[in-house]
Amino acid sequence: MSKKAFSLSLVILAAEILLTNGAHAQARSQISIVGSGTVFPFAATVAERFGKTGKFKTPKVEETGTGGGMKLFCGGVGPKFPDITNASRRMKASEAKLCSDNGVSKVVEVKIGYDGIVIAHSKAKPNFALTTKQLYLAMTAKLPNGKLNTNKNWSDIDKSLPNQPIELIGPPIVSGTRDAFLELVMKPGCAAAAPAIAAIEKTEEAKWKSMCQSLREDGKYVIGSENYNLTVQKLVTNPQAVGLFGFSYLEGNADKIVASPINGVPVSYDNIASGKYPVSRPLFFYIKKSHIGAIPGLKEYARTWASDAVWGTDGILVEKGLIAMPAVERQSSTATINALNELDFSKLK
Amino acid sequence: MIEDHQTQQVPTNWRDAAMQQRIKKRYAAEKRFRLFGFTTVIFALGFLVFLIGDVVLKAFPAFTAAEIQLSVTFDSTAFGLARTRADIDAAEYGAFIKAGLAKRFPEAQNRTTKRELRELVSEDAERVLKAAVEANPDLIGKTKVFWLPGSDIVELYVKNQLNAKGVVGERLASDTMLARLNSAQSNGELRKTFNTRFFSAPDSKHAELAGIAGSAKGSLLTLFVTLLAAFPLAIFTAIYLEQFAPKNHLTDFIEVNINNLAAVPSVIYGLLGASVYLGFMEMHRSASLVGGLTLALMTMPTIVIASRAAIKAVPPSIRDGAVALGASPLQAVFHHVLPSAMPGMLTGTIIGMSRALGETAPLLLIGMVGFFGDIPSSFNDGTAVLPVQIYIWASATERLFAQKTSAAILVLLLFLIIMNATAIYFRNRFEKRW
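Cut-offs and rules
- Residues numbered from 1 in each chain as written.
- Chains lettered and ligands numbered in written order.
- Predicted model: local features only at pLDDT ≥ 70, side-chain atom pairs only at ≥ 80, totals over all residues.
- Heavy atoms only, no water.
- Phe/Tyr/Trp six-rings, centres within 6.5 Å; stacked < 30°, edge-to-face > 60°.
- Buried < 20%, exposed > 50% of the residue type's maximum accessible area, 1.4 Å probe, protein only.
- Domains from an automatic or database assignment.
- Contact = heavy atoms within 4.5 Å.
- Salt bridge = Lys/Arg side-chain N within 4 Å of Asp/Glu carboxyl O.
- Polar contact = N/O pair within 3.5 Å; in protein donor to acceptor, adjacent residues only side chain to side chain.
- Helix = DSSP H or I, 4+ residues; strand = E, 2+ residues; numbered from the N terminus.
- Disulfide = S-S within 2.5 Å.
- Axes fitted to C-alpha atoms, helices over the stretch in contact; angles between N-to-C directions.
- Parallel < 35°, antiparallel > 145°, perpendicular 65-115°, else oblique.
- Left-handed = near helix turned anticlockwise from the far one by under 90°.
- Nonpolar A, V, L, I, M, F, W, Y, C, P; charged D, E, K, R; others polar.
- Buried area = accessible area lost by both parts, 1.4 Å probe.
- 1 Å grid on protein atoms, 1.4 Å probe; cavity = no way out; pocket = protein on both sides within 12 Å on 5 of 7 lines; lining within 4 Å.
- Points joined across faces, edges and corners; volume = space filled by probe spheres on them.

A closer look at the packing of aromatic side chains
Residues and elements named next belong to chain B.
Then comes step 1: If you walk through the whole model with that rule in mind, you get 19 aromatic pairs over all chains.
Then comes step 2: Between Phe194 and Phe199 the ring centres are 6.2 Å apart and the planes differ by 15°, which places this aromatic pair in the stacked class.
Then comes step 3: Residue Phe194 is classed as exposed on the basis of its relative accessible area of 55%.
Then comes step 4: Assessed through its relative accessible area of 40%, Phe199 is described here as partly exposed.

Laid out in structure tokens, this is it:
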């Protein structure tokens, strides 16, 4: 190739790239999904199923944590913002405010199923049962008497617990799993350990938060990663530590780790589905309604979820560790998807 | 005086015992040094052989897939009377598979064992059946024997990697599952095939379906953008700085900065890319265009430095000769200096590109780490690249992904070998000697 032809082709290629980019700058043909690491395997599985129907591109799914996903999702309307965010808890009022401040006022909330949060540790150590009260006393920053938490070993809390150091590996602050731990373990634990403090939740919220919703910061709560496989590896190398993550990761690693029963209820699929297991939470995804129509396939993607073959009790997501909703809830979620009912921001906490 | 000195000098007595001792010592030192050098080379080679051998051994099973034989009945009630294209699309092919499996293994009665049955066949089997009906609608209402893609459990079983020992609940397959697999195996209903899917399919959440094609093409597109953006800019920067720029404090300052930029950790370019390309220019997250431009920022200083060295290596006489014969400075550079320096520039470029190929850190920040279930078809499609794919598979729990990780490493190494071989070819083919 002569030098001129070479440089000419370079220029043409460069122009081509810029042109294709220019033409696509306003439109995006691929759905963009962000959000919770707990929902990620389910969303990716559904995205793949949706993509293989061949009518639309397979959505891209990123793991950013529930909080990180909300931040991106509520950033605004337009192709540079994600269309869907996955969440392992409900949207917070503060996030709804961020959304409406940035013009994202119409959002559809879809509940997809349940997840149990498990407290698990390596199989190398014998299993021990825990209660929400014991977990509260192990993890709270301040004890009910107002002093800083000094419990070093599990046996300091209750003689029946093993004499080993308290060390809980949990997810970072953007994680919905951590929020759910505060809501489902710390809150009832606080109420059981110190009913007087639990009673001031409405009247003296700041004080209640510091007593009931603050995790200790003296290294007993170890901040792990959103990638729960890494947490599982850490538990295997350090049998003294216990970890905090979703049920699906327990199922996938049943040969390495074992979960503590909470309040006397062992962790199992049936116990979570029936609501007996106390630490379970609903999972959601949120659709930006104004993107429907602008981004091809958004509605169809949501409808891919609404099938018993996907989120039903024998569906593909149950194989991946999701706890299926009862039939009534599946019907109401399906109705939400079909009618695209908007979420009422004023009802969020 | 000199003669005096010579006559007075005692000739060296090489046979003297002390001298012999010293000579021996010198030779021993040399021998020792050679031995040390040789040992380190052997040591390094040993590591390399171990590393590559380990990867190859682990990767090898990834090139085998499993298929399971199943007789499937296409129940005509599932298709409607008209059997239109829409009917064929809408039919629930999973139900045919379930029925076929239930017929083959009638002992499965309760919910758990039935669910286990479904785990024998891969998700992709539904699409195989659909494609068969689309190609031949006469199949509706008939029964035909198919070789369907097996699930990850079947794949591990045919590779003898399914751990049959251990307590139930702590291993992948239950006793009933193993019994079924054994009976299928002895009836000749399982077979191994070459895993073409690994090379043709994009990533998947189902370990047995995941392939490298998506991220390999993502890498190609990304590198293409990097080359287009970095190469011309870097070459012109190098030519200007080396041949035209006046020598003053400003050019010195620029030179120092370019050298510093080449040493900046790559993750910082990711932050820059995220704020400039995603935030300011509003390009698409995770797209190969953004990835390529970000890597171009990182690669450019490397190419500038290599290109300047190549231009410096061209003897000044060539340039002076051209100017003396009446060429303008521009002609002297473009007709004489640049062609002579080109092989060195290309080598530098390819080495910079090899580094870009193996980079993950800056791509984390622009959203290229995630699940991408399509082979990218444009520069705006979200995609992973090879090293990111390796990272994602390495952190997955399913055992099959461990094999795929090694196989992906092999593919990445192959890419690198091809690029470096091209660099060597350019150097040998076009290099001029003076």
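Observations regarding the domain arrangement of chain B
Then comes step 1: Examined at the domain level, chain B breaks down into domain 1 (17-60), domain 2 (63-195) and domain 3 (213-430).
Then comes step 2: Distance between the C-alpha centres of domain 1 of chain B and domain 2 of chain B: 56 Å.

Topic: the interface of chain A and chain B
Then comes step 1: At the interface, 41 residues of chain A touch 42 residues of chain B.
Then comes step 2: Our count for the contact surface shared by chain A and chain B stands at four salt bridges.
Then comes step 3: The partner of A:Arg49 in a salt bridge is B:Glu123, and the shortest N-O contact between them spans 3.5 Å.
Then comes step 4: Scanning the region where chain A abuts chain B turns up eleven residue pairs in polar contact (both at pLDDT 80 or more).
Then comes step 5: The set of elements that each furnish at least two residues to the side of chain A that touches chain B consists of helix H1 (3-24), helix H2 (40-52), strand S2 (60-61) and helix H15 (316-319) of chain A.

Things to note about the pattern of salt bridges
All names here are of chain A.
Then comes step 1: In the structure shown here, the tally under the stated rule is 29 salt bridges over all chains.
Then comes step 2: With its nearest N and O atoms 2.9 Å apart, the salt bridge here joins Arg89 to Glu95.
Then comes step 3: Taking relative accessible area as the criterion, Arg89 reaches 11% and is therefore assigned buried.
Then comes step 4: Overall, Glu95 belongs to the buried group, its relative accessible area being 11%.
Then comes step 5: Here Asp101 and Lys97 are joined by a salt bridge, their closest N and O atoms 3.1 Å apart. Of the two residues, Asp101 and Lys97 both sit in helix H4 (residues 93-101), four residues apart, roughly one turn of that helix. Across this residue pair, the class does not change: Asp101 and Lys97 are exposed.
Then comes step 6: Salt bridges linked by common partners bring Arg89, Lys92, Glu95 and Asp179 together as one network.

Focus: the state of the cysteines
All names here are of chain A.
Then comes step 1: Under the defined criterion, the tally for this structure stands at two disulfides over all chains.
Then comes step 2: The residue that forms a disulfide with Cys74 is Cys99, at a sulfur-sulfur distance of 2.0 Å. Between Cys74 and Cys99, the S-S torsion sits near -75°, and that sign places the bridge as left-handed. One end of the pair, Cys74, is in the loop between helix H3 (66-73) and strand S3 (84-87); the other, Cys99, is in helix H4, with 25 residues separating them in the sequence.
Then comes step 3: Overall, the relative accessible area of 0% leaves Cys99 in the buried class.
Then comes step 4: Put simply, Cys190 and Cys212 are joined by a disulfide, and their sulfur atoms are 1.8 Å apart. Taken together, the residues span a long stretch of sequence, with Cys190 in helix H7 (residues 176-193) and Cys212 in helix H9 (residues 205-212) at a distance of 22 residues. Across this residue pair, the class does not change: Cys190 and Cys212 are buried.

Topic: the packing of helix H12 (residues 266-280) of chain B against helix H13 (residues 288-312) of chain B
Two numbers describe a pair of packed helices, the interaxial angle and the distance between the axes.
Residues and elements named next belong to chain B.
Then comes step 1: One can describe the packing of H12 onto H13 by two numbers: an axis separation of 9 Å at closest approach and a directional angle of 135°. What the angle tells us is that H12 and H13 run oblique. In the crossing of H12 with H13, the sense of the turn from one axis to the other is right-handed. For the pair H12 and H13, contact is made by Ser266, Tyr269, Gly270, Leu272, Gly273, Tyr277 and Leu278 and by Val290, Leu293, Thr294, Leu297, Met298 and Pro301, respectively.
Then comes step 2: When the residues that make up the contact of H12 with H13 are grouped by side-chain class, the tally is nine nonpolar, four polar and no charged.

Concerning the domain arrangement of chain A
Residues and elements named next belong to chain A.
Then comes step 1: Looking at the assigned domains, one finds that chain A contains domain 1 (3-114 + 282-347) and domain 2 (116-280).
Then comes step 2: Put simply, the middle of domain 1 and the middle of domain 2, counted by C-alpha atoms, are 31 Å apart.
Then comes step 3: Contacts between the two partners involve 21 residues from domain 1 and, on the opposite side, 14 residues from domain 2.
Then comes step 4: Here domain 1 packs against domain 2, burying approximately 1300 Å² in sum over the two surfaces, 52% of which is carbon and sulfur.

Notes on empty space enclosed by the protein
Then comes step 1: Taken as a whole and judged by the stated rule, the model has six cavities of 30 Å³ or more.
Then comes step 2: Residue composition of the lining of the largest cavity, by class: one nonpolar, seven polar and three charged.

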